Amino acid sequence: MNPTELHERAEQERRRQRNLRLRLFLCYSTPCLSAGADRVKAVLDEEIAACNTDAQIDLEVVETGCMGLCSRGPLLRIVQADGSEKIFENVTPESAPSILDACLSNTEPTKVAQLSPDLAFFTQQTRIALENNGWIDPEKIEHSLARGAYGALAQALHDMTPEEVCNEITRSGLRGRGGGGYPTGVKWELVRKAPGERKFVVANGDEGDPGAYMDRSLMESDPHRVLEGMAIAGYAVGAEQGYIYVRGEYPLVAARLAKAIKAAEKSGLLGSRVLDSGFNFRIDLRVGGGAFVCGEETALMTSIMGRRGQPVPRPPYPAQSGLWGCPTLINNVETFANIAPIVKNGAAWYAGFGTEKSKGTKVFALCGEVVNSGLIEVEMGISLRRIVFDIGGGLPDGGRFKAAQTGGPSGGCIPAEHLDTPVDYESLKDLGSMMGSGGLIVMNETSCMPDVAKFFMEFCMDESCGKCVPCRAGTVEMHRLLTRITDGSAVPEDLQTLEELCRLVQETSLCGLGMTAPNPVLNTLLYFRNEYLAHVDERNCPAGNCTLDRIPLYKLPEHVDRLAILKERS
Amino acid sequence: MSVITLTLNGELVSARTGQSLLEAIRDQGVKLPTLCHLDGLSTRGGCRLCLVEIGGSPRLLPACTTEAVEGMVVVTHNDKINHYRKLILELTFAERNHTCAVCVSNEHCELQALAAELGMDHVRYDYLDPDLGMDTSHEKFGVDHNRCILCLRCVRVCDEVEGAHTWDVRGRGILSQVITDLNRPWGESETCTECGKCVEICPTGALFDQGASVGEMKKDARFLRRILDGREKRQWQR
């Protein structure tokens, strides 16, 4: 396929869509499917089949990717031929027929919950990476093409040199969306200049943070966007082979990506001589075995090479020596999802979003104690307050905001007094948390901070690969200390031991997992030290969450006096 | 082979290009503790005892996996690093059952010697005391997982020097454990050549000869260098 044919195919599909009287977009992503979207679809199909026999009405049901408002699913968006749209929440197989009838007869449906298009959840978002989410069927390449997929790739291949593409990405100010925030353009330039006959491009889709599902939704809802970004990267750095690594817990993602890769190859958008240029690019899918550590780039690459998924010390960095010793570009899938819009609209356009040091937008999985939980994409620099109270609609049942957890097990809890902090890489880091991959968990007064820290420590303990001592044994010891704090058996010295151990693990671990594992503890100790002290000194849990029914464990030589007192008492 | 210059603990010293930092440091007679590293095997960077401070690096880096480069400013010992080394050793001791008094390697154990050298005299963390069991199914050798520190020297020597790859690892994190073949008893292994290299280079009493009693298991890991020199340089002298 050449660029002209690509354009024609897209136009043809757009024409077909314009001729439809009604288009029903039914959210078919994992949260809505679990809420019964497939049953709604079955009912709608039946209804439409019944209508078609007597009136030949032109309408289609599109099984789309994630629309965002996951807590109110299944969502159904109905778009009329004139462009007017309505969104319905909590659609059930029972309510679906009446919605369809009402839309066909142009009346307002009754007894059905309809979402206002002015809802802050929709209006306060800036959608770049997610712009096609909810508007296309991810399994139909025509839908993606109609919305301009692979246009940026054609542009890069035919009008730009690899150097120009790298420059464009550098000037856009895009930074790694996996959490580290390394400037993407600089990384691309490093790989482009690295000497090596073979180079590789890797997309990191091994999203494992508790409460985070941005990457899953992206790959599930718009797989071609990620593939296009990878192909542009391949052209820019001089790679002919790409790997997209998806965690084993995301079977739907793997299935959709496999289908998308096949469809793109069949259309000449991937494979040999992409879009009639001299550029060849193959993408292979790799499915992980369920280890969190494989999200760390060096561990991910050893896993792709078929070895035990454990990190190796850096330097050398992947840009110098990655897969099979060749220069390798590895980016998060969300980073790749931002590439096509940058190439298409220019670096200046993208740099117009965000703050001085953090450009563009960031996708967050907003969950926990908020009215509207779901997937959101916001401009960098937006305040946490606007995310939680405008977009999220505040806390349910009049709950009081206590903290927002960002960055998953590597991040920390941001207390209420810092709600007005702009959300960008530096500000979050200054607060002792981090951007991370984009999980955002809102907590109310009933959350006990030592208990939250214990939860994340347990996660890190289970997910430690076991290669280096500080992470393997240190996480277990930290978890034991936190358990003692929350069950009442801690003594004041335990808090000191814990803090010292946190710093040790942070500074001496081999990879990012261990280095950041103590963050939730250090961060909650910084903002909620009183709660720790209440547990240890007063044996009281201010949040009312822990049952402190164990007795303090005196064991150190310094405790001899206290042990004697206990003996006298008994 | 070209020569490079680095600053080691405030003094200018020379090293060869391509040398690891650990080699360069040891060539200067500076003692740097290691457990997982063994001359002749691939580097691993897992025990974290050879961490050193390098000017310009925000993190401590393991000397064994870092290449020595021109102009590097290296500090091998200071209060912070010494303290961290001690804490890491404490974690290693707390992780499994290292009760020296009843160990076959008592007084011939690298872990024990290191604890004495670094002045580690107590453990401030909870002893985890896992009950991991032993495998004595092999005619000549035995493995006591309770004494294993997961340095994986056995896995590497078996794969890289002997070429058998009998040893590997199962599980992850604290549940990691070395296994023979696909977690079959050692005695039933079809790949083991009974060469005994793994036993000889094991730093603790985890791998031992059958019949060895307390304190009887003496090992000499330097044999590995002799084998490799013979193979690579045709030098067969001891």
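Note that this is a predicted model, so its numbers are computed, not measured.

Engineer: I tried to follow the overall build of chain B on my own but got confused; where do I start?
Structural biologist: From N to C terminus, chain B includes six helices and 10 strands. Computed over the C-alpha atoms, the radius of gyration of chain B is 19 Å, within 12% of the 18 Å expected from 2.2 N^0.38 for a compact globule of 238 residues. With the principal axes as the frame, chain B shows a C-alpha extent of 55 × 50 × 30 Å. Among the 238 residues that make up chain B, the fraction classed as buried is 51%. Contacts spanning at least 24 positions in sequence make up 61% of the contacts within chain B whose residues lie at least 6 apart. When the accessible area of chain B is evaluated, it comes to approximately 11300 Å², of which 49% is carbon and sulfur surface. In chain B, the 28 positive side-chain charges and the 34 negative ones have mean positions that sit 3 Å from each other.

Engineer: Is there a simple way to explain the pattern of salt bridges in this structure?
Structural biologist: Side chains that carry opposite charge are capable of pairing whenever their charged atoms lie near each other. Evaluation of the coordinates by the stated rule reveals 47 salt bridges over all chains. Residue Asp126 of chain B pairs with Arg480 of chain A through a salt bridge whose shortest N-O separation is 2.9 Å. Here Arg480 of chain A lies in helix 20 (residues 469-487) and Asp126 of chain B lies in the loop between helix 3 (110-118) and strand 6 (134-135), a pairing that spans two chains. On the basis of relative accessibility, which here comes to 32%, the residue Arg480 of chain A falls in the partly exposed class. Salt bridges linked by common partners bring Asp39, Arg225, Asp229, Glu232 and Lys233 of chain B together as one network.

Engineer: I keep staring at the sheet that holds strand 7 (residues 141-144) of chain B and nothing clicks. Help me out?
Structural biologist: Hydrogen bonds along the backbone pair up the strands of a sheet, which may run parallel or antiparallel. Taken together, the three strands give an open sheet; going across it, the order is 6-7-10 (chain B), and neighbouring strands pair in antiparallel fashion. Edge positions in the sheet fall to strand 6 and strand 10 (207-209) of chain B, since each of these pairs with one other strand and no more.

Engineer: Even after reading the chapter, I still don't get the UniProt feature "domain: 4Fe-4S His(Cys)3-ligated-type" (unreviewed entry) in chain B, so can you show me in this structure?
Structural biologist: Residues annotated in UniProt with the feature "domain: 4Fe-4S His(Cys)3-ligated-type" (unreviewed entry) correspond here to residues 80-119 of chain B. With 62% helix and 0% strand, residues 80-119 of chain B has its two end C-alpha atoms placed 15 Å apart.

Engineer: Hey, could you run me through the sheet that holds strand 7 (residues 241-246) of chain A in this one?
Structural biologist: Residues and elements named next belong to chain A. In spatial order, the strands read 8-7-6-9; together these four strands make up an open sheet with parallel pairing. One side of each edge strand has no neighbouring strand; the edge strands of this open sheet are strand 8 (282-287) and strand 9 (328-332). In this sheet, adjacent strand axes meet at a mean angle of 20 degrees when their direction is disregarded. Across five bridges, strand 6 (residues 200-205) lies against strand 9 in parallel orientation. Bridged to Ala203 within strand 9 is Asn331. The sheet contacts of helix 11 (residues 223-237) involve strand 6, strand 7, strand 8 and strand 9, and relative to strand 6 the element is tilted by about 150 degrees. Contacts from helix 13 (residues 297-304) reach strand 6, strand 7, strand 8 and strand 9, with the element oriented near 105 degrees to strand 7.

Engineer: I'm lost on the side chain of Glu296 of chain A in this one. Help?
Structural biologist: Residues and elements named next belong to chain A. Position of Glu296 among the secondary structure elements: in the loop between strand 8 and helix 13. This buried residue, Glu296, is left without a salt bridge; Arg314 holds the nearest opposite charge, at 4.2 Å. Within the structure, the side chain of Glu296 is placed 2.5 Å from the side chain of Thr298, a separation counted as a polar contact. The contacts of Glu296, once residues within four sequence positions are left out, are Pro311, Arg314, Cys511 and Gly512.

Engineer: Explain the interface of chain A and chain B to me, please; I cannot follow it from the model alone.
Structural biologist: One frequently used descriptor of interface size is the decrease in accessible area upon assembly of the parts. Taken together, the contact pairs 34 residues of chain A with 33 residues of chain B. Carbon and sulfur atoms make up 52% of the area that chain A and chain B hide from each other, which totals about 2900 Å². Area buried by chain A at its contact with chain B is led by Arg472, Glu477 and Glu507 of chain A, which between them contribute 20% of it. On the surface where chain A and chain B come into contact, there are six salt bridges. At the boundary of chain A with chain B, the tally comes to 21 residue pairs in polar contact (both at pLDDT 80 or more). Counting only elements with at least two residues in the side of chain A that touches chain B, the list comes to helix 19 (449-463), helix 20 and helix 21 (492-508) of chain A. In the side of chain A that touches chain B, the residues fall into 12 nonpolar, nine polar and 13 charged.

Engineer: Where do I start with the pairing of strand 1 (residues 3-8) of chain B in this structure?
Structural biologist: Residue and element names in this part refer to chain B. Only one face of strand 1 is buried: it carries Ile4, Leu6 and Leu8, and the other face, with Val3, Thr5 and Thr7, is open. Across six bridges, strand 1 lies against strand 2 (residues 11-16) in antiparallel orientation. Paired with Thr5 across the bridge in strand 2 is Ser14. Hairpin geometry of strand 1 and strand 2 is characterised by an intervening segment of two residues between the two adjacent antiparallel strands and by a positive phi of about 50 degrees at Asn9.

Engineer: I would appreciate a short explanation of the environment of Leu548 of chain A in the present structure.
Structural biologist: Residues and elements named next belong to chain A. Relative to the assigned elements, Leu548 resides in the loop between helix 24 (529-537) and helix 25 (560-569). On the basis of relative accessibility, which here comes to 15%, the residue Leu548 falls in the buried class. For the pair Leu548 and Gly488, spaced 60 residues apart in the sequence, the C-alpha separation amounts to 4.3 Å. Setting aside residues up to four positions removed in sequence, Leu548 forms contacts with Ile485, Thr486, Asp487, Gly488, His535, Arg539, Asn540 and Cys541.

Engineer: Would you take a moment to explain unusual backbone geometry for this structure?
Structural biologist: Glycine aside, a negative phi is what most residues show, and trans is what most peptide bonds show. In this structure, the amide linkage connecting Arg314 of chain A to the following residue, Pro315 of chain A, adopts the cis form with an omega of -5 degrees. Note the cis peptide between Pro315 of chain A and Pro316 of chain A, where omega equals 0 degrees. If you trace the backbone, Pro316 of chain A turns up in the loop between helix 13 and strand 9. For Leu275 of chain A, which is not glycine, the phi torsion reads 50 degrees and is therefore positive. Within the secondary structure, Leu275 of chain A sits in the loop between helix 12 (251-266) and strand 8. Taking relative accessible area as the criterion, Leu275 of chain A reaches 0% and is therefore assigned buried. Notably, Arg48 of chain B is not glycine yet its phi reads approximately 65 degrees, a positive angle. Inspection of the secondary structure puts Arg48 of chain B in the loop between helix 1 (21-27) and strand 3 (51-54). What makes Arg48 of chain B buried here is its relative accessible area of 3%.

Engineer: I keep staring at helix 9 (residues 184-193) of chain A and nothing clicks. Help me out?
Structural biologist: One turn of an α-helix holds 3.6 residues; hence residues three or four places apart share an orientation. Within helix 9 of chain A, burial applies to Thr184, Gly185, Lys187, Trp188, Glu189 and Val191 of chain A. Where the residues of helix 9 of chain A are buried, they touch helix 8 (162-172), helix 11, helix 13, strand 9, helix 14 (333-337) and helix 15 (339-345) of chain A.

About the thresholds
Residues numbered from 1 in each chain as written. Chains lettered and ligands numbered in written order. Predicted model: local features only at pLDDT ≥ 70, side-chain atom pairs only at ≥ 80, totals over all residues. Heavy atoms only, no water. Helix = DSSP H or I, 4+ residues; strand = E, 2+ residues; numbered from the N terminus. Rg over C-alpha atoms; globule rule 2.2 N^0.38 Å. Buried < 20%, exposed > 50% of the residue type's maximum accessible area, 1.4 Å probe, protein only. Contact = heavy atoms within 4.5 Å. Areas by Shrake-Rupley, 256 points an atom, 1.4 Å probe, with all protein chains shown as cover. Lys, Arg positive; Asp, Glu negative; His and termini not counted. Charge placed at Lys NZ, Arg CZ, Asp CG, Glu CD. Salt bridge = Lys/Arg side-chain N within 4 Å of Asp/Glu carboxyl O. Pairing = 2+ DSSP bridges. UniProt positions renumbered as here; feature names shortened; annotations may be inferred. Axes fitted to C-alpha atoms, helices over the stretch in contact; angles between N-to-C directions. Polar contact = N/O pair within 3.5 Å; in protein donor to acceptor, adjacent residues only side chain to side chain. Buried area = accessible area lost by both parts, 1.4 Å probe. Nonpolar A, V, L, I, M, F, W, Y, C, P; charged D, E, K, R; others polar.

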